[in-house]
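Fold and contact review
Listed here are the chains, written in short residue letters.
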Amino acid sequence: MSEILSQAEIEALLAELQTSGGEESVGDSAPAGVGASGQGTPGDFAAAPNSKRTIAYEVYDFRRPDKFAKDQLRTLQMLHETFGRLATSSLSAYLRSPAQVEMISLEQVPYEEYLLSINKSVFAIISLAPLNGQAVFELEFSLVFTILDRLLGGTGRGFDRSTLTDIERPLVTQVLERFFGALKSAWESIIMISPGVEGIETSSQFVQVAPPNDIVITILFEVRVGSQRGAMSLCIPYQVLKPVTAKLSATKWFSSGPKRTSPAMKSLLSWHVQRVPVPCAVQLGTTRLHVRDFLSLRHGDILKLDQETGSEMLLTVDRIPKFHGRPAIAGRKVIFNIHDRVRD
């Protein structure tokens, strides 16, 4: 049996719905304000006490179908609010100037509508491995030139230009890598992504990461650098996020919290900790001096320490005593041979 209704069947179905709807909206007696002839004002009919329930409905736009549920959008919002906080710290340290990245809105719109809403911006086409496809990271020219001016020793003022020079393009890539580090950290509770720049464009007509009618997630940010403000946005097509949509529900996201202590995560954390440099120093001995003696020290002066020649010396790690040992010689280098650990 065919699932497609004929025109006659559609008209019959609509007529039946109209008839049943009219029966549901009329009570046993005529509503107040309506005479025997059945005529009355619309306001009187809407306020009639004997009127029964109305049929609930929801507006649906077939040109803009919703691909993400509300809880998935809330999860994406929380992820990118975290990204904004991390990007604020990273950008402030990189520019050595007060900076703030704040998420303004998150929407799902057709890709064509997203491109039409943007003017005079730098578009970075990025990959989000291991996710397939490409996304768009967009920054206004005014924001880009504010950051570049600050990086090159200026006060952070913008320029009225819409092109990038060969020197400015690598600098923009370095700025984007700072944002990518924050984006990677914000998404690690969902999936470990490795953002990378595939290309940089200055015109939206060359940025085609999705068909015009495909739904994309657009996240708008406001970036403040000193007294200057600019807009930044991230556009991720639905097809890129489709493999992880199940993980975007609030229940899945919060229940995945304890999984962060997996062996792989512990190994990664241990690898990063082992690469952290710590200052170590060998303490040859101590002595006490008056300030006048300290100020009069000159090249060639000899200080008498409280350490005997054959006694063990102390190795400190970040000024904290950790090991006992003695100096030795290995080839042409002076080394420190550890004998014992400092006991608490």
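Above this text you will find the structure in question.
Residues numbered from 1 in each chain as written. Predicted model: local features only at pLDDT ≥ 70, side-chain atom pairs only at ≥ 80, totals over all residues. Heavy atoms only, no water.

The subject of this paragraph is the overall build of the chain. A count of helices and strands for the chain gives 10 helices and 10 strands. By residue count, 31% of the 344 residues in the chain fall in the buried class. In the chain, 62% of the contacts between residues at least 6 apart in sequence involve partners at least 24 apart. (Helix = DSSP H or I, 4+ residues; strand = E, 2+ residues; numbered from the N terminus. Buried < 20%, exposed > 50% of the residue type's maximum accessible area, 1.4 Å probe, protein only. Contact = heavy atoms within 4.5 Å.)

Following the criterion strictly, the structure yields six salt bridges and no others. When the shortest N-O distance is used, the salt bridge between Arg-161 and Glu-168 registers 2.6 Å. Judged by relative accessible area, which is 32%, Arg-161 ranks as partly exposed. The exposure class of Glu-168 is buried, given its relative accessible area of 12%. Of the charged contacts, one joins Glu-312 and Arg-326 as a salt bridge, the two residues approaching to 3.8 Å between their closest N and O atoms. Here Glu-312, found in the loop between helix H10 (291–295) and strand S8 (313–317), pairs with Arg-326, found in strand S9 (residues 320–330); they are 14 residues apart in sequence, far enough to count as distant. What you see here is one network of salt bridges that share partners, running through Glu-102, Glu-222, Arg-224 and Arg-229. (Salt bridge = Lys/Arg side-chain N within 4 Å of Asp/Glu carboxyl O.)

Attention now moves to the sheet that holds S9. If you trace the four strands from one edge of the open sheet to the other, you get S7-S8-S9-S10, paired in antiparallel fashion. Each end of this open sheet is capped by a strand with a single partner; those strands are strand S7 (280–283) and strand S10 (333–341). When the angles between neighbouring strand axes are averaged without regard to direction, this sheet yields 40°. The pairing of S7 with S8 spans four bridges and is classified as antiparallel. Bridge pairing in S8 places Gln-283 opposite Leu-314. (Pairing = 2+ DSSP bridges. Axes fitted to C-alpha atoms, helices over the stretch in contact; angles between N-to-C directions.)

Sheets are built from strands that pair by backbone hydrogen bonding, the pairs being arranged parallel or antiparallel. The antiparallel open sheet is built from six strands, whose spatial order is S1-S5-S6-S3-S2-S4. The two strands at the open ends of the sheet, each matched to only one other strand, are strand S1 (99–110) and strand S4 (194–201). For this sheet the average axis-to-axis angle between neighbouring strands, irrespective of direction, equals 25°. The pairing of strand S2 (residues 121–129) with S4 spans seven bridges and is antiparallel. Across the sheet, residue Phe-123 finds its bridge partner in S4, namely Glu-201. The sheet strands contacting helix H5 (residues 141–151) are S2, strand S3 (134–140), strand S5 (215–225) and strand S6 (228–237), and the helix crosses S3 at an angle near 75°. Packed onto the sheet, helix H6 (residues 168–187) meets S1, S2, S3, S4 and S6 and runs at close to 150° relative to S4.

What follows deals with the nonpolar core. With 54 residues, the main nonpolar core has Phe-83, Leu-128, Phe-137, Phe-179, Trp-187 and Met-232 as its most contacted residues. Broken down by element, this core gets its largest block of residues, 10 residues, from H6. (Core = buried A, V, L, I, M, F, W, Y, C linked by side-chain atoms within 4.5 Å.)

Now for the environment of Val-223. Tracing the chain through its elements places Val-223 in strand S5. Distance from Val-223 to Thr-88, taken between C-alpha atoms, is 8.7 Å for residues 135 residues apart in sequence. Discounting chain neighbours no more than four positions away, the residues touching Val-223 are Leu-91, Gln-100, Val-101, Leu-143, Gln-228, Arg-229, Gly-230 and Met-232.

Compared with an ideal rise of 1.5 Å per residue, which puts 26 residues at 38 Å, helix H3 (residues 70–95) spans 37 Å between its outermost C-alpha atoms and is within 8% of the ideal. Just downstream of H3, Arg-96 is the residue with a positive phi angle, here 55°. (Expected span 1.5 Å × (residues − 1).)

What follows is about H5. Where burial is concerned, most of H5 is hidden: eight out of the 11 residues are buried. Among the residues of H5, Phe-141, Leu-143, Val-144, Phe-145, Thr-146, Ile-147, Leu-148 and Asp-149 are the ones counted as buried. Where H5 is buried, its residues touch H3, S2, S3, H6, S5 and S6. Where H5 ends, the next residue or the one after it, Gly-153, has phi of about 95°, a positive value.

So, about the packing of H5 against H6. Packing of H5 against H6 brings their axes to within 11 Å, and their N-to-C directions diverge by 95°. Taken together, the axes of H5 and H6 are roughly perpendicular relative to one another. Residue-level contacts link Val-144, Phe-145, Ile-147, Leu-148 and Leu-151 of H5 to Glu-168, Leu-171, Val-172 and Val-175 of H6. Along the lines of polarity and charge, the residues of the contact of H5 with H6 split into eight nonpolar, no polar and one charged. (Parallel < 35°, antiparallel > 145°, perpendicular 65-115°, else oblique. Nonpolar A, V, L, I, M, F, W, Y, C, P; charged D, E, K, R; others polar.)

The next point concerns the packing of H3 against H6. Contact geometry for H3 and H6: axes closest at 8 Å, N-to-C directions at 140°. Taken together, the axes of H3 and H6 are oblique relative to one another. Between H3 and H6 lies a crossing whose hand is right-handed. Taking contact as the criterion, the partners of Leu-76, Leu-79, His-80, Thr-82, Phe-83, Leu-86, Ala-87, Ser-90, Leu-91 and Tyr-94 in H3 are, on H6, Gln-174, Val-175, Arg-178, Phe-179, Ala-182, Leu-183, Ser-185, Ala-186 and Trp-187. A per-class count over the contact of H3 with H6 returns 13 nonpolar, five polar and one charged. (Left-handed = near helix turned anticlockwise from the far one by under 90°.)

This next bit is on the packing of aromatic side chains. All chains considered together, the criterion is met by six aromatic pairs. Relative to Phe-179, the ring of Phe-137 has its centre 5.7 Å away and its plane inclined at 35°; by these criteria the two rings are tilted. Here Phe-179 lies in helix H6 and Phe-137 lies in strand S3, a separation of 42 residues in the sequence. Phe-137 gets classed as buried once you look at its relative accessible area, which sits at 1%. (Phe/Tyr/Trp six-rings, centres within 6.5 Å; stacked < 30°, edge-to-face > 60°.)

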